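Observations on the three-dimensional arrangement
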Amino acid sequence: MKLLAAILLTVSALSAQSFKSELLVGVWKVNWEKSNAPNQRPAAQMPTLIREYRPSGDGFMLHTVLRAAPGRQIPELDLIGAVKYDDKEYPTFNPERLTTVFTTGARPVQTVSFKPTGPYSLDWADRTNGRITAEGTMELSPDGATMKFTSRTPNGASVLIYEKQ
């Protein structure tokens, strides 16, 4: 039993080391023409979605998601969090949750975890109060130019294709 645990720990550590997070660093914009989401309207009627990934020290990556309604030029903060790719839960914040934490000191109840599954892919899970509310995968192209972001929720599944800017 101890040998199996040691092997699993070693495999997990190798997977974490093998994910090429440097390819993720930068700004990504969704390409609605290549994406597939529930109730997707024509691309011109969809919001602009932008993801930025930036190393923030001590192995953390800052994830920032911005959204602009159709016709708006300036995106607004949709979600932010600092995470490691180690299958542990890290808090995420939208503007309302961030305001609540700042004004009341309340503990964050929404988290995300990322588990490396290979050099170009991660499994992720969003949780609220420990219960999974969404999950999926992030897959990078080997050249780091595109990202396939798959998500599954009780409301359906989507595949968003992001292009590095």
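Note that the structure is predicted; figures quoted are calculated from it, not measured. (Residues numbered from 1 in each chain as written. Predicted model: local features only at pLDDT ≥ 70, side-chain atom pairs only at ≥ 80, totals over all residues. Heavy atoms only, no water.)

1. Section: the pattern of salt bridges
Per the counting criterion, the structure on display carries five salt bridges. Glutamate 163 serves as the salt-bridge partner of lysine 34, at 3.1 Å between the closest nitrogen and oxygen. Within this pair, whereas lysine 34 is found in the loop between strand S1 (26-30) and strand S2 (48-55), its partner glutamate 163 is found in strand S10 (residues 156-164), the two being separated by 129 residues in sequence. A residue is classified by how much of its surface remains accessible, and lysine 34, at 53% relative accessible area, is exposed. A residue is classified by how much of its surface remains accessible, and glutamate 163, at 25% relative accessible area, is partly exposed. (Salt bridge = Lys/Arg side-chain N within 4 Å of Asp/Glu carboxyl O. Helix = DSSP H or I, 4+ residues; strand = E, 2+ residues; numbered from the N terminus. Buried < 20%, exposed > 50% of the residue type's maximum accessible area, 1.4 Å probe, protein only.)

2. Here we look at the nonpolar core
Judged by nonpolar contacts, the single largest core of 25 residues is most densely connected at Leu24, Tyr85 and Met138. Once residues lying within four places of it in the same chain are set aside, the contact partners of leucine 24 are Phe19, Tyr53, Tyr85, Met138, Leu140, Met147 and Lys164. (Core = buried A, V, L, I, M, F, W, Y, C linked by side-chain atoms within 4.5 Å. Contact = heavy atoms within 4.5 Å.)

3. Considerations on the layout of surface pockets
Its boundaries defined by the atoms lining it, the largest pocket holds a volume of some 940 Å³. As for the largest pocket, its lining consists of 42 residues, and the residues nearest its centre are Arg51, Arg67, Asp126, Phe149 and Ser151. When contributions to the lining of the largest pocket are tallied by element, the ones reaching two or more residues are S2, strand S3 (61-68), strand S4 (76-83), strand S6 (110-118), strand S7 (121-128), strand S8 (131-140), strand S9 (146-153) and S10. Grouping the amino acids of the lining of the largest pocket by side-chain chemistry returns 20 nonpolar, 15 polar and seven charged. (1 Å grid on protein atoms, 1.4 Å probe; cavity = no way out; pocket = protein on both sides within 12 Å on 5 of 7 lines; lining within 4 Å. Points joined across faces, edges and corners; volume = space filled by probe spheres on them. Nonpolar A, V, L, I, M, F, W, Y, C, P; charged D, E, K, R; others polar.)

4. Some remarks on the environment of arginine 51
Topologically, arginine 51 is positioned in strand S2. Relative accessible area serves as the criterion here: at 13%, arginine 51 is assigned to the buried category. Sequence spacing of arginine 51 and aspartate 78 is 27 residues, and the spatial spacing of their C-alpha atoms is 9.7 Å. For arginine 51, the contacting residues outside a window of four places in its chain are Gly26, Val27, Trp28, Thr64, Val65, Met147, Phe149 and Tyr162.

5. Remarks on the environment of proline 116
With respect to the helices and strands, proline 116 occurs in strand S6. A relative accessible area of 8% means that proline 116 is categorised as buried.

6. Some details on unusual backbone geometry
One non-glycine residue with positive phi stands out, namely aspartate 87, at about 65 degrees. Of note, asparagine 129 is a non-glycine position whose phi angle comes to about 50 degrees, a positive value. What makes asparagine 129 exposed here is its relative accessible area of 62%.

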